[in-house]
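Observations on the three-dimensional arrangement
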Amino acid sequence: MNSRCASINKILPFSCVDGPGSRLALFLQGCNLRCKTCHNPYTIGLCDACGDCVPGCPEQALSLAAGRIIWDETRCAECDTCLQNCPSQASPMTRMLSVEEVLKQTERAAPFIEGITLSGGEATTQLPFVRDLFAAIKRHPALHHLTCLVDSNGELSQSGWEKLIPVMDGAMLDLKAWDDQRHRFLTGRGNTRILNSIRFLASQNKLAEVRLLLIPEHSDYMQHIDELSAFLRELGPVPVRINAFHHHGTYGEARTWRSAGKQEVEQLASALQQRGVRPIILPALYL
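Nothing here was measured: the structure is a model prediction, and the numbers come from that model.

**A short note on the overall build of the chain**
Regarding its fold elements, the chain presents eight helices and 11 strands. A compact globule built from 287 residues would reach a C-alpha radius of gyration of about 19 Å, and the chain, at 19 Å, matches this within 12%. The C-alpha extent of the chain, read off along each of the three principal axes, is 60 × 50 × 35 Å. When the 287 residues of the chain are sorted by exposure, 52% land in the buried category. Considering only contacts in the chain between residues 6 or more positions apart, those separated by 24 or more positions represent 66%. Only carbon and sulfur atoms are counted for the fraction: they give 50% of the accessible area of the chain, which is about 13500 Å². Across the chain, the mean location of the 29 positive side-chain charges is 3 Å away from that of the 30 negative side-chain charges.

Have a look at this one:
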């Protein structure tokens, strides 16, 4: 049996927003970007067991033992006090789950879903688990029909993607900005590796979707619309999804940034379509 484990922040047995159709979505803890617009900021860091969160828990659902934080899910009221008190921007409410344990949860959901999506955080920071889980699903007689997708920031190297390609059906990647310096401002890192990942996955027919996050006054898509459009056209008929930024759930300066409206999203979509980029997927709703 495979004993590979991963730090899991959350499991959604049924999701209709993490890829096509109804899917089981697994959110892995830890990310190698520091996006100002992150809506799951407490999936970024890894708990260092400092213990600062323990005394503040009103339900006494946290304890420190053997150098690690123990989370008692049965006592937890999900008040998020621990998240607010964490100096590392990490969540102590995580579980170490093995491939076998995730397979059991997937088996229960299987009659009602079309696939599984690994997200985060950034799922590929725990690459061996992702690879082994997808491989186990493909071998499983009752699960092998499920599609296996990764929702990724694209920071994985080509050699990393080459390990996943044989067992995954596709990856959905974010391109937060076209200009490298603008990308660094928004995420803490440049976008060279991300652009390379997008190109490589498209060449392998494993790029399920490219996502653009429109942030009024901060995105640079319109300033570089010709270069961006040429890049997207080269990928072939890969769907381009435009997401509208909203500040709910964000932290820091992004909490004061303006949400993107329908008119702004449609302006970007029109500019891309005029330059031959298709298909384009618009937001289902605006917050």
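**Digging into the pairing of strand β1 (residues 5-15)**
The sheet contact formed by β1 and strand β5 (residues 95-98) spans four bridges and is antiparallel. If you follow A6 over to β5, its bridge partner there is L97.

**A look at the sheet that holds strand β6 (residues 115-120)**
With mixed pairing, nine strands are arranged side by side in an open sheet as β5-β1-β2-β6-β7-β8-β9-β10-β11. Since the sheet does not close on itself, it has two edges, and those belong to β5 and β11 (280-281), each with one partner. By the bridge criterion, five bridges tie strand β9 (residues 207-214) to strand β10 (residues 240-244) in an arrangement that is parallel. Its bridge partner lying in β10, L214 is registered against A244. Running over the sheet, helix α3 (residues 127-139) touches β1, β2 (23-28), β5, β6 and β7 (147-152) and is turned about 160 degrees from β7.

**Thoughts on the pattern of salt bridges**
Tallied over the entire structure, the rule returns 13 salt bridges. The salt bridge partner of R4 is D132, with a shortest N-O separation of 3.1 Å. Placement of the pair is R4 in the segment before β1 and D132 in helix α3, with a sequence separation of 128 residues. Take R4: its relative accessible area is 34%, and that puts it in the partly exposed class. Within this structure, D151, E209, R211 and R241 form a network of salt bridges that share partners.

**A look at the packing of helix α2 (residues 99-109) against α3**
Put simply, α2 and α3 touch, their axes get as near as 10 Å, and they point 45 degrees apart. In terms of axis orientation, α2 runs oblique to α3. When you trace α2 past α3, the crossing you get is right-handed. Residues V99, V102 and L103 of α2 touch α3, and the partners they reach there are F129, D132, L133, A136 and I137. Residues of the contact of α2 with α3, tallied by class, amount to seven nonpolar, no polar and one charged.

**Points about unusual backbone geometry**
Cis rather than trans, the peptide bond between G120 and G121 has omega equal to 20 degrees. Relative to the elements of secondary structure, G121 occurs in the loop between β6 and α3. A cis geometry characterises the amide bond from R278 onward to P279, with omega recorded as -5 degrees. Its location among the elements puts P279 in the loop between α8 (262-274) and β11. A positive phi angle is found at A49, which is not glycine, with a value near 55 degrees. Turning to its location among the elements, A49 is positioned in the loop between β2 and β3 (62-65). The phi dihedral of E78 falls on the positive side, at around 55 degrees, and the residue is not glycine. With respect to the helices and strands, E78 occurs in the loop between β4 (68-71) and α1 (81-85). According to the relative accessible area criterion, E78 is exposed, its value standing at 64%.

Cut-off values and rules
- Residues numbered from 1 in each chain as written.
- Predicted model: local features only at pLDDT ≥ 70, side-chain atom pairs only at ≥ 80, totals over all residues.
- Heavy atoms only, no water.
- Helix = DSSP H or I, 4+ residues; strand = E, 2+ residues; numbered from the N terminus.
- Rg over C-alpha atoms; globule rule 2.2 N^0.38 Å.
- Buried < 20%, exposed > 50% of the residue type's maximum accessible area, 1.4 Å probe, protein only.
- Contact = heavy atoms within 4.5 Å.
- Areas by Shrake-Rupley, 256 points an atom, 1.4 Å probe, with all protein chains shown as cover.
- Lys, Arg positive; Asp, Glu negative; His and termini not counted.
- Charge placed at Lys NZ, Arg CZ, Asp CG, Glu CD.
- Pairing = 2+ DSSP bridges.
- Axes fitted to C-alpha atoms, helices over the stretch in contact; angles between N-to-C directions.
- Salt bridge = Lys/Arg side-chain N within 4 Å of Asp/Glu carboxyl O.
- Parallel < 35°, antiparallel > 145°, perpendicular 65-115°, else oblique.
- Left-handed = near helix turned anticlockwise from the far one by under 90°.
- Nonpolar A, V, L, I, M, F, W, Y, C, P; charged D, E, K, R; others polar.

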